[in-house]
Each structure stands twice: as C-alpha cells, then as structure tokens.
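Letter by letter, the chains look like this.
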Amino acid sequence: MNNNKKRVLVIGVFVSACALIAAACTPPTGPAPRTWSVKAVSAEVLEQEDWDPGDEPYAIQLGFRSKVGVANSSWAGVFTDCPWFLAAEDAAPTGTTHNFDNGASDVVFPEVQNLDIGDVLFELAPLEIFGTMTFLVERDVLPGFSSCEVGAFINSALTGILTDSLNLLIAASPIPPTEQELVDMIVANLGNFLEAAAHAIGIQLEGLGNPDDILGLAVQIHLPTQGAFTDLLDLGFQLAGLDNGELPIAELPDTMKIRIGHLLPSSASFDFEAPNYHYKLNTAVAAG
C-alpha cells in the first residue's frame, strides 16, 4: 500500500470515529455566529532593504470568503495602512521590529460559524472557506509624498479574479457526501487551488512599475472549525507533511508563503528573504 492510500485509510478511520462522537454532541442548529479579525501584527527587520538609515514597511491585506455549495456566496476586499498609517521616514532599521498596531489593514470576518464535524456532515450549516493575502510592502516614495498604487493595483487586479474563481471552485461545488471526501477536499484540493492561485498572483504582480516594493506575500486559509473537526484537520495536515500548515511548494520564491490554518485565536510567522533584504512578518487571528 502506497503512502497516499495509507494516509487516506488513516484519515477515513479517524474521521469515522470523530463523526460518531460528533453525532452525539451536535445540537439541532448550527453554532452561533462570531466575528474574527485577521491582523498584520508586525514586521521584524532582520536586514533592511534600503541603503538609508531605515526602511518604512507597511501592510496590505486582501480578505476573501466563500461558502461551499452556496452559489455566488464569494467575497473579496482590500484593507491597507496606506495612506493614513504609513511608517515614519527611516522608522525601521536593521534589528528592529515595526508594529502595525493601527488596525487599518485588519480583515474583519463577521457572522462566522465555527463548525464541528457533525455540523458539516448533517448539513446544519454550510462550510465556509476564509482566507487572507498579506502583502508586506516597503515605501520608497519621496518624504512627504504618500503613494498607494500597490493597494490600488491589488484591488483592481485580484479581487474580481479571486471572487470569480471562488464562485466557480468553491461556491458552485456540492458539499462532499462523505467524511473522507470532506477532509480530502480541504487537505488536498484546497492545496492544489492555492498553488495555482499563487502562480496566478505572481504573474499579475510581475513587472509592477510602482515606487513601493512588495517584500513578501503570505497567503493563508483560515478554516472556521472547532472541537473534533479542528483535531481531525490537524491530523490531516500532519499526514500530508505540512509544517504548521505551510504548504511546501518548491517552485515558489522565498518571498511567497502559503499556509492552511484555523479561524481560531492563533499567530503565524513568515520568513521573507531576498538577496538585498530579510524580513519576518507576524500575523494573528483574534476574536472581535
């Protein structure tokens, strides 16, 4: 038996056990909705990009969501620190950490139902896929002049394409009828979708003639889970060889990272390294 078949067998047995437990514990209606925020917390400057006394990093986030099997339920939007919350000139030299504490780039997801496995299998609520793309940007414009072309470009180039893609690949898909297919869709198919999306994003951003520099991009899927469903997917991630949910895609540059996690209180860090700079981006999921 090859490794893929072993993985599917283990997942299938584990999911079936969890489903039996969930059947006894699942209430007759879906969970109460909650609000979650995905935050760009800080940028650690391990090696600054510019030759001047310090860099000026800021964050742009693109958030998106889509309900599995609910037609035209997809949404995408852009949130940015620019122009009102940009770092001061030379604010972040090598060896310092710049905090994005203004909340301007936060992606807020209201009316979220965190589902256990029984909620999905018994169709008490639709499974919804949430995600963020966090762009770490360094400002290179003249002092006193704030350009927001990167955010405008991301909004015009990506939100429409992403919404259409989500409507086609997620919202138009039926909820998988078995536990095994549900896990496989999330662990395998979602990874394939993100890999294809990453290449598409790279093509869109290539040749962007803007004074500000995109230092790195962290793409995250935030699954709204709870209870046995969270544990089940964590096991699936481990069996798939994902380190903290991060997808090991060899073709991606060191300045693009992709991760699958949960829409629960948590934090994640992403290391972006290029010949002339080295940064670490820190993000977090918080309630409210």
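In this convention, every chain numbers its residues from 1, walking through the sequence in written order. pLDDT decides what is reported in this predicted model: residues at 70 or higher carry local features, side-chain atom pairs at 80 or more are listed and counted, and totals for whole chains, interfaces and linings draw on all residues regardless. As a rule here, side-chain values come from all non-hydrogen atoms in the structure, and water together with hydrogens is ignored.

**Re the overall build of the protein chain**
Here is step 1: Of the regular secondary structure elements, the protein chain holds 5 helices and 10 strands.
Here is step 2: Burial classes: relative accessible area under 20% of the type maximum marks a residue as buried, over 50% as exposed, and values in between as partly exposed (1.4 Å probe, protein chains only). Residue burial in the protein chain is summarised as follows: out of 288 residues, 49% are buried.
Here is step 3: Only the protein chains shown count as cover for residues, with accessible areas throughout obtained via the Shrake-Rupley method and a probe of 1.4 Å. Accessible surface, the protein chain: about 12900 Å² in total, of which carbon and sulfur atoms supply 55%. Only DSSP runs of H or I covering at least 4 residues are called helices, and only runs of E covering at least 2 are called strands; the numbering of each starts at the N terminus.

**Concerning the packing of aromatic side chains**
Here is step 1: Ring geometry is summarised as follows: Phe, Tyr and Trp rings, the Trp one being its six-membered ring, pair when their centres sit within 6.5 Å, and such pairs are stacked at plane angles under 30 degrees, edge-to-face over 60 and tilted between the two. Counted by the stated rule, this structure contains 4 aromatic pairs.
Here is step 2: Arranged with centres 6.4 Å apart and planes meeting at 45 degrees, the rings of Trp-75 and Phe-79 form a pair that is tilted.
Here is step 3: For Trp-75, a relative accessible area of 33% translates into the label partly exposed.
Here is step 4: Plain terms: the ring middles of Phe-109 and Phe-130 are 5.0 Å apart, the flat faces sit at 70 degrees to each other, and that makes the pair edge-to-face. Taken together, the positions of Phe-109 in strand S5 (residues 107–112) and Phe-130 in strand S6 (residues 128–138) put the pair 21 residues apart, joining distant regions of the chain. Here Phe-109 and Phe-130 have matching classes, each one buried.
Here is step 5: Members of the aromatic cluster, joined through ring pairs, are Trp-75, Phe-79, Phe-109 and Phe-130.

**Regarding the confidence of the model for the protein chain**
Here is step 1: pLDDT expresses how confident the predictor is about each individual residue, on a scale running from 0 to 100. On average, residues of the protein chain score 80 in pLDDT, and 74% of them reach the 70 mark or higher.
Here is step 2: With pLDDT under 50 throughout, residues 203–209 is counted as low confidence; its partners more than four residues away or in other chains account for 11 contacts. Note on contacts: a residue pair qualifies if any of its non-hydrogen atoms lie within 4.5 Å across the two residues.

**Quick word on the sheet that holds strand S3 (residues 75–80)**
Here is step 1: For two strands to count as paired, DSSP must find a minimum of two bridges between them. Reading across the sheet, the 5 strands line up as S3-S2-S6-S7-S8 and stay open at both edges, with mixed pairing between neighbours. At either margin of the open sheet sits one strand with a lone partner, and together these are S3 and strand S8 (256–262). The sheet shows a mean angle of 15 degrees between the axes of neighbouring strands, taken without regard to direction.
Here is step 2: Relative to strand S2 (residues 57–67), helix H3 (residues 149–171) is tilted by about 20 degrees, and along the sheet it contacts S2, S3, S6 and strand S7 (213–223).
Here is step 3: Its contacts with the sheet put helix H5 (residues 227–239) on S7 and S8, and the angle it makes with S8 is roughly 145 degrees. Axis definition: a line fit to C-alpha positions, over the contact stretch in the case of helices; interaxial angles, taken between N-to-C directions, run 0 to 180 degrees.

**Digging into the environment of Ala-171**
Here is step 1: Along the chain, the position of Ala-171 falls in helix H3.
Here is step 2: Look at Ala-171 and you get buried, because its relative accessible area is 2%.
Here is step 3: As for Ala-171 and Ser-74, which are separated by 97 residues in sequence, their C-alpha atoms are 6.8 Å apart.
Here is step 4: Not counting residues within four places of it along the chain, the set of residues in contact with Ala-171 comprises Ser-66, Lys-67, Gly-69, Val-70, Ala-71, Asn-72, Ser-73, Ser-74 and Leu-166.

**Notes on the side chain of Asn-167**
Here is step 1: Considering the arrangement of structural elements, one finds Asn-167 in helix H3.
Here is step 2: Taking the relative accessible area as the measure of exposure, Asn-167 reaches 17% and is therefore buried.
Here is step 3: For Asn-167, the residues in contact, after removing those within four places along its chain, are Asn-72, Ser-73, Ser-74 and Ala-172.

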